[in-house]
Amino acid sequence: MVNWHSRAGAAALCGAGAARAGRARTVDTVDGVDDANNVDIGTGRAGWAEPVGGPAEPVSDMAERIPDVRALSSGLARAGYLADEPLATALFLAVRMGQPILLEGEPGVGKTEAAKALAAVLDTPLVRLQCYEGIAAAEALYEWNYPRQLLSIRLAEATGGTLHDADLFSEDYLLARPLLAALDHRGPRPAVLLIDEVDRADDEFEAFLFELLAESAVTIPELGTRKAALPPITILTSNRTRDLHDALKRRCLYHWISYPDTGRVAAIIRRRVPATAGHLANQVAESVRSLRGLDLTKPPGVAEAISWATALHVIGVDELTAATAEQTMSAVLKYSEDGDVVRRAGLAAVVGERGRA
Ligand SMILES: Nc1ncnc2c1ncn2[C@@H]1O[C@H](COP(=O)(O)OP(=O)(O)OP(=O)(O)O)[C@@H](O)[C@H]1O
Ligand SMILES: [Mg+2]
């Protein structure tokens, strides 16, 4: 017989579906935790704290690693990411000021990749939280390992042991999800925390995130408050499918990533598809620019430019013509209506074949 001293825990573990019960319990039991240093993970109430004051001290060797914007730019380029100066500056400030940064921009302009490249430059882990409609705080932060708790209870039952709350709701049974993993990262440098496509999450989750980011701390009712020893370098991305809360934006640095100019697109193609001849990279970049001038449902972005160059390489052509463009359109256009628009405009004109002839 088990002496398990937890009504809340028993309710959670004996309910329908341990995992679901786990979430319910997390939400139900943390009500009211919202003092200046704590995060109310249950309600997601918008009890906005003041921003983290002043520039943070540079942590570990980051100041030496990226002493200035130029050093960061070169590091990003070595990692395969070609950032223009405004983006490199914004990322530099985010790292050195210890403030989250919100990157917005059209799909495929390199928002997600910027975070990956920054983690590579800093030689630190990238912790990614992919947001989606209905994402809940518990999935993003931590969950209790209910199967393991149940096993422990059964084992105690079998051996006549005694289990207390503290035994079952301890570190051994804690499953860190991305946000907690980023807060818990021990270094030597802070983790890069990518909160990707935050515009897909709902308002409540956004409010919860904001508090967590402002404090770099979280309260786990059973374990107490955990403050990040090394607050993560946080990059949020949004495709602007909806406007984010002003309070979130106020606490973040902000940068809009524009579609790069043609020269940079060609350089990105050469970097990402090294087998592409220089002149073909230029032709693809120019043609994508022409396509973006048409009234398309989904104008191609950097990702499509790379995909187009890859497709041309795979079929073994080194000249973009109306015929080779037709063969490889599947890499560029994602709507059949867009194909009609392009054919009406004339593929030869779009790829600049006439000008070349
Ligand atoms: N500046 C850049 N340098 C190198 N590669 C880039 C750059 N910008 C974009 N890319 C490449 O383009 C592709 C799309 O980039 P990424 O997925 O980061 O875009 P995104 O803005 O996050 O798009 P989405 O909004 O659809 O998530 C990736 O393969 C990435 O490597
Ligand atoms: Mg992305």
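As shown above, the structure is provided for reference.
Residues numbered from 1 in each chain as written. Chains lettered and ligands numbered in written order. Predicted model: local features only at pLDDT ≥ 70, side-chain atom pairs only at ≥ 80, totals over all residues.

Draft legend 1. Local environment of the overall build of the chain. Of regular secondary structure, the chain possesses 19 helices and 11 strands. Taking all 357 residues of the chain together, 41% fall into the buried category. Restricting the contact set of the chain to residue pairs at least 6 apart, pairs at least 24 apart contribute 76%. (Helix = DSSP H or I, 4+ residues; strand = E, 2+ residues; numbered from the N terminus. Buried ≥ 20, exposed ≤ 12 C-beta atoms within 10 Å, placed from the backbone. Contact = placed C-beta atoms within 7 Å.)

Draft legend 2. Representation of the site of ligand 1 in the model. Around ligand 1, 20 residues are found, and the nearest of them are Pro107, Gly110, Lys111, Thr112 and Glu113. Residue assignment for the shell around ligand 1 shows that the elements contributing at least two residues are helix H6 (111-122), helix H13 (262-272) and helix H15 (302-314). Taken together, the residues of the shell around ligand 1 break down into 9 nonpolar, 7 polar and 4 charged. Both domains that meet at the shell around ligand 1, namely domain 1 (26-142 + 176-257) and domain 2 (262-356), each give it at least three residues. (Near = placed C-beta within 6 Å. Nonpolar A, V, L, I, M, F, W, Y, C, P; charged D, E, K, R; others polar. Domains from an automatic or database assignment.)

Draft legend 3. Summary view of the environment of Ala348. Topologically, Ala348 is positioned in helix H18 (residues 347-350). Spatially, the C-alpha atoms of Ala348 and Ser287 are 10.0 Å apart, while their sequence positions differ by 61 residues.

Draft legend 4. Geometry of unusual backbone geometry. Of the consecutive residues Gly187 and Pro188, the connecting peptide bond is found in the cis state with omega at 20°. Among the secondary structure elements, Pro188 is positioned in the loop between helix H10 (178-184) and strand E7 (192-196). The phi dihedral of Arg240 is positive, around 60°, even though this residue is not glycine. By secondary structure assignment, the location of Arg240 is in the loop between strand E10 (233-238) and helix H12 (246-251).

Draft legend 5. Quick peek at the sheet that holds E10. The parallel open sheet is built from 5 strands, whose spatial order is E3-E7-E10-E2-E11. Two strands in the sheet have a free side with no partner beyond their single neighbour: strand E3 (126-130) and strand E11 (253-257). Here the strands of the sheet are splayed against their neighbours by 20° on average, with no regard to which way each runs. Strand direction decides the pairing type here: E7 and E10, joined by 4 bridges, are parallel. Bridged to Leu194 within E10 is Ile235. Packed onto the sheet, helix H5 (residues 85-97) meets strand E2 (101-105), E10 and E11 and runs at close to 155° relative to E11. (Pairing = 2+ DSSP bridges. Axes fitted to C-alpha atoms, helices over the stretch in contact; angles between N-to-C directions.)

Draft legend 6. Representation of the nonpolar core within the structure. In terms of nonpolar packing, the biggest core is built from 88 residues, with Leu91, Ala114, Val192, Ile269, Val284, Ala305 and Ala309 touching the most fellow members. Split by domain, this core shows at least three residues from each of two domains, domain 1 (26-142 + 176-257) and domain 2 (262-356). With sequence-adjacent residues up to four places away left out, Ala305 is seen in contact with Val265, Ile269, Val284, Ala285, Val288 and Pro300. (Core = buried A, V, L, I, M, F, W, Y, C linked by C-beta atoms within 7 Å.)

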